Amino acid sequence: MSIIPSFFGGRRTNVFDPFSLDLWDPFEGFPFNNNNNFRSLSDRVGSSETASFAHANIDWKETADAHVFKADVPGLKKEEVKVEVEDDRVLQISGERNKESEEKGDTWHRVERSSGKFMRRFRLPENAKVDQVKAAMENGVLTVTVPKVEVKKPDVKSIQISG
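Conventions and cut-offs
Residues numbered from 1 in each chain as written. Predicted model: local features only at pLDDT ≥ 70, side-chain atom pairs only at ≥ 80, totals over all residues. Heavy atoms only, no water. Pairing = 2+ DSSP bridges. Helix = DSSP H or I, 4+ residues; strand = E, 2+ residues; numbered from the N terminus. Axes fitted to C-alpha atoms, helices over the stretch in contact; angles between N-to-C directions. Core = buried A, V, L, I, M, F, W, Y, C linked by side-chain atoms within 4.5 Å. Buried < 20%, exposed > 50% of the residue type's maximum accessible area, 1.4 Å probe, protein only. Contact = heavy atoms within 4.5 Å.

Chemist: Tell me about the sheet that holds strand β8 (residues 134-138), residues and numbers included.
Modeler: Here we have 4 strands laid out as an open sheet, ordered β3-β4-β9-β8, and antiparallel in their pairing. With partners counted over all chains shown, the strands left at the sheet margins are β3 (58-62) and β8, one partner each. Looking at each pair of strands side by side, their axes are set apart by 15° on average, direction ignored. Relative to strand β4 (residues 66-72), β3 runs antiparallel, the two sharing 5 bridges. Its bridge partner lying in β4, Ile58 is registered against Ala71.

Chemist: Any chance you could break down the nonpolar core for me, citing the residues and the numbers?
Modeler: Membership of the largest hydrophobic core comes to 16 residues, with the highest contact counts inside it found for Phe69, Ile93, Leu142 and Val144. Broken down by secondary-structure element, the contributors of at least two residues to this core are β4, β6 (90-97), β7 (116-123) and β9 (141-147). For this core, the element with the most residues is β9, which contributes 3 residues. Residue contacts for Ile93: discarding those within four places in its chain leaves Ile58, Val81, Lys82, Phe118, Met119, Arg120, Leu142 and Val144.

Chemist: If you had to explain the sheet that holds β7 to someone new, which residues and values would you point to?
Modeler: Across the sheet, which stays open at both edges, the 3 strands sit in the order β5-β6-β7 with antiparallel pairing between neighbours. Of all strands in the sheet, those with a lone pairing partner are β5 (81-86) and β7, marking the two edges. Averaged over neighbouring strand pairs, the angle between their axes works out to 15° when direction is ignored. In terms of strand pairing, β5 meets β6 through 6 bridges, oriented antiparallel. Within β6, the residue paired with Glu84 across the bridge is Gln92.

Chemist: I'd love a proper account of the pairing of β8, names of residues and values included.
Modeler: Looking at chain direction, β8 and β9 are connected through 5 bridges and run antiparallel. Bridge pairing in β9 places Ala136 opposite Thr143. Remark: 2 residues form the turn of the hairpin made by β8 and β9, two consecutive strands paired antiparallel; Asn139 in that turn has positive phi of roughly 50°.

Chemist: Tell me about unusual backbone geometry, and please be specific about residues and values.
Modeler: With a phi close to 50°, Asn139 is a non-glycine residue in the positive phi region. Position of Asn139 among the secondary structure elements: in the loop between β8 and β9.

Here is the structure:
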């Protein structure tokens, strides 16, 4: 056992146990709004204000033929995700991850997976064929492919130089 310095609350903990500091709240006692409500971060974890938004990490790459978006949406079915193009140039990916229902008598030890609605928007460049967008989902990864307009190579005509 080691003793954590007083700025960690002076609690005794085992430095080799990765879960021993889970109860430490660095914001404990700090005000979070103007009416002197001193709720700590640990009091807010289960509340709807911190658990109401799910996040989807999205990669966007441009290939020679298309713009390809890959979104991590583990645990969601394709019916729970929407892919839309708005205002001709805005790709919107949205969905909702529902909170797991609580059964009477269950004891939760940790809740880390986010739940709630998510929405990501991307302004597509001029070379995107927005009328040919395709989407597919496999193993919790949504892939949205937006083909690109073929860039016509300029006609080059050699001019003979006289003289």
